Amino acid sequence: MESLAWEMVVKKTGKQWGSGLALLAAHARPDLLSFMQKRVNDQRIAEDLVQDSFLKFAEGGYDPVAANARPVLFGIAKNLLFDRLRKLRRERDLGLTGSGADMDNLHLLPSEAPSPEYMAEISQEFATVAQIVKAMPKRPRQVFTLSRMYGLTHQEIADRLGISRSMVEKHIMDAMSRFLQAMRHNGKKRG
Amino acid sequence: MKMSERSEKNRPDDILAWQVLLSSGTATVEDHHDFKAWLEVSSENRAAYEEVQHVFRVYDALWADEQAPEEMFDVGDAVHASAPPYKLTRWFVPVAIAACLLLVVGGATLFSFLNVPKAPYVAETTAVGEQRALLLADGSTVYLNTDTKIEYSLSDSQRNVKVLNGEAFFEIAKDPAAPFTVVAGSRGVRVIGTAFNVRFINGVADVTVTEGAVGLTDPEQNARTQPAVRLEAGMAATYTASSIKVQPNIELEAVKAWRYKKLFYQNASLSHVVRDLNRYFSSEFKTVGEAAENLRVTLILNLEEEEILLNTLSKQLPIRIQNGKNNTRIISVLPENSISVPE
């Protein structure tokens, strides 16, 4: 399975598969694939995203044996992930036809993948959000994830989980209240 | 009350209801217009919107982080109800690490065709205030913190690193054919694949495991009669040439924070903070007075310009920082009646 995937990449780029890139792949591909699988929950889409990440890395001319090769690769992958997520959210929120879509609503669209600098700034808030996620009951957590990170409509979520639309709405409100309360409480503590 | 009616009201708490409506999949163009009108009603409404957006940004960022908690990804099979659950073929198989390490893991690695040359020890050093990441030829990553010196040597049959001084975080690529050993002071950490932090300063070593498990070996002892001290994720060992102490439950975020240019302190002594300041900055920091020795602090520091950091420090703690001769900074605790009461 592994070798077949690499052949595909070589053909697409027409580049020689140097040992540097092979080394990066050996080191990072399993982790990257597992990273993607967890987040898109679909084997085929995950593999496509991983392939595209390596393609973009190769085409971008990045140095595969540089110290920052793995972070660069993951950065590319996260951007692809967010591109896809942004598309899903936009299609759901503004309607697939797009012709009536009000482009002033850009403020509703999620931003790009967060930069490393931004991530460093908010690492303390990670702990808060992570704690809330772990403490949340399963249903609100799943509904929130399906809405926010998979871009499903409330009806789609209701159908998948076998609950009513109003329950979906209630779970989303529940999840969001928990996050807001925790962030406010945390903000007060640090004063 | 319908949402369109609420679009003229100063009701910041309605932000949740708006968010639910706009992400429902059934919002109309009119709904979006109404929401814009609601935002224009008051700064409180806008602040509520910004607050929720901030939560979403943090959530998104956490979700994209490799260290995100597993619970974030649990949606059962709900997303593709018709697709069978796929089997994750993991390259890394978590195995118990015994004192003697050579465990053969099935499956070919791609290393076999690569020519990893036998090399003598190569030194890597960071200056005071510098941080750097190294990608080693075997695929492992070593993150070097301030004022650190390591030496490493990789071959087909073994991979060795010595932490001579300072602090480094290791993410070790799996290679059952070549065990990875990190020596700091009187002991070594022996692993096949995992992630851990090593600090070795002034004869005292701290090893904290963040992923997987390691065996802490004493090179002087025979590995067969003295089993290694096993450290699992979340555990840490502090040792010198003559003693060793193991702690079971370490706050891993605090240990990893330096890689994100932050320092976390939870009820730490001021002298601990000052020791760290001496590592990260070229000025010499000293404390003066008994009160300074007894002061416990809980805070987060951003590793940034020295002046800015010291400014933050003197705002958050009841201390005074004075400049002495030759680039020294003298820190003393303010007398009690001059401490401002936090709100």
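Residues numbered from 1 in each chain as written. Chains lettered and ligands numbered in written order. Predicted model: local features only at pLDDT ≥ 70, side-chain atom pairs only at ≥ 80, totals over all residues. Heavy atoms only, no water.

Novice: Summarise the confidence of the model for chain B; cite the residues concerned and give the values.
Specialist: Residues and elements named next belong to chain B. For chain B, the average pLDDT comes to 78, and 82% of its residues sit at 70 or higher. Considering each helix and strand of chain B separately, the mean pLDDT is smallest for strand 2 (residues 132-135), with a value of 78, and largest for helix 2 (residues 15-22), with 94. A low-confidence stretch, residues 80-119 (pLDDT under 50), is modelled with 56 contacts involving residues beyond four sequence positions or located in other chains. Confidence estimates for the predicted assembly give a pTM of 0.48 and an ipTM of 0.83. (pLDDT = per-residue confidence, 0-100. Helix = DSSP H or I, 4+ residues; strand = E, 2+ residues; numbered from the N terminus. Contact = heavy atoms within 4.5 Å.)

Novice: Just give me the short version of the side chain of B:Arg329, but keep the residues and values in it.
Specialist: Residues and elements named next belong to chain B. Mapped onto the secondary structure, Arg329 falls in strand 18 (residues 328-333). Using a relative accessible area of 9% as the deciding quantity, one classes Arg329 as buried. Only 2.9 Å separates the side chain of Arg329 from the side chain of Asn323, close enough to count as a polar contact. Contacts of Arg329, omitting those with residues within four sequence positions, involve Ser283, Glu284, Phe285, Lys286, Glu306, Glu307, Leu310, Ile321, Gln322 and Asn323. (Buried < 20%, exposed > 50% of the residue type's maximum accessible area, 1.4 Å probe, protein only. Polar contact = N/O pair within 3.5 Å; in protein donor to acceptor, adjacent residues only side chain to side chain.)

Novice: Can you explain helix 6 (residues 123-135) of chain A? Please cite residues and give values.
Specialist: For helix 6 of chain A, built from 13 residues, the straight-helix expectation of 18 Å at 1.5 Å per residue is met to within 8% by its first-to-last C-alpha distance of 19 Å. Looking at helix 6 of chain A, one finds that the buried residues are A:Ser123, A:Gln124, A:Glu125, A:Phe126, A:Thr128, A:Val129, A:Ala130, A:Ile132 and A:Val133. (Expected span 1.5 Å × (residues − 1).)

Novice: Summarise the packing of helix 2 of chain B against helix 4 (residues 43-63) of chain B; cite the residues concerned and give the values.
Specialist: Residues and elements named next belong to chain B. The geometry of helix 2 relative to helix 4 is characterised by a closest axis approach of 10 Å and an angle of 60 degrees between their N-to-C directions. By the criterion of interaxial angle, the relationship of helix 2 to helix 4 is oblique. Considering only the axes of helix 2 and helix 4, their crossing is right-handed. Residues Ile15, Leu16 and Gln19 of helix 2 lie in contact with helix 4, whose contacting residues are Ala48, Tyr49, Val52, Gln53 and Phe56. Of the residues contributing to the contact of helix 2 with helix 4, the split by class is six nonpolar, two polar and no charged. (Axes fitted to C-alpha atoms, helices over the stretch in contact; angles between N-to-C directions. Parallel < 35°, antiparallel > 145°, perpendicular 65-115°, else oblique. Left-handed = near helix turned anticlockwise from the far one by under 90°. Nonpolar A, V, L, I, M, F, W, Y, C, P; charged D, E, K, R; others polar.)

Novice: Go over the interface of chain A and chain B, please, and point to the residues and values.
Specialist: Contacts between the two partners involve 79 residues from chain A, matched on the other side by 66 residues from chain B. Interface of chain A and chain B: buried area, both sides summed, is about 6,700 Å²; carbon and sulfur atoms make up 65% of it. Per-residue buried area on chain A facing chain B is highest for A:His27, A:Lys38 and A:Arg39; these three make up 9% of the total on that side. Across the chain A-chain B interface, the total number found is six salt bridges. Between B:Glu70 and A:Lys38 there is a salt bridge, with the nearest N and O atoms lying 2.7 Å from each other. For the pair chain A and chain B, the number of links is 15 residue pairs in polar contact (both at pLDDT 80 or more). Elements represented by at least two residues in the side of chain A that touches chain B include exactly helix 1 (2-13), helix 2 (19-40), helix 4 (69-94), helix 5 (116-121), helix 6, helix 7 (138-148), helix 8 (154-161) and helix 9 (165-190) of chain A. Per element, the largest residue contribution to the side of chain A that touches chain B is 12 residues, and it comes from helix 2 of chain A. Residue classes in the side of chain A that touches chain B are distributed as 40 nonpolar, 18 polar and 21 charged. (Buried area = accessible area lost by both parts, 1.4 Å probe. Salt bridge = Lys/Arg side-chain N within 4 Å of Asp/Glu carboxyl O.)

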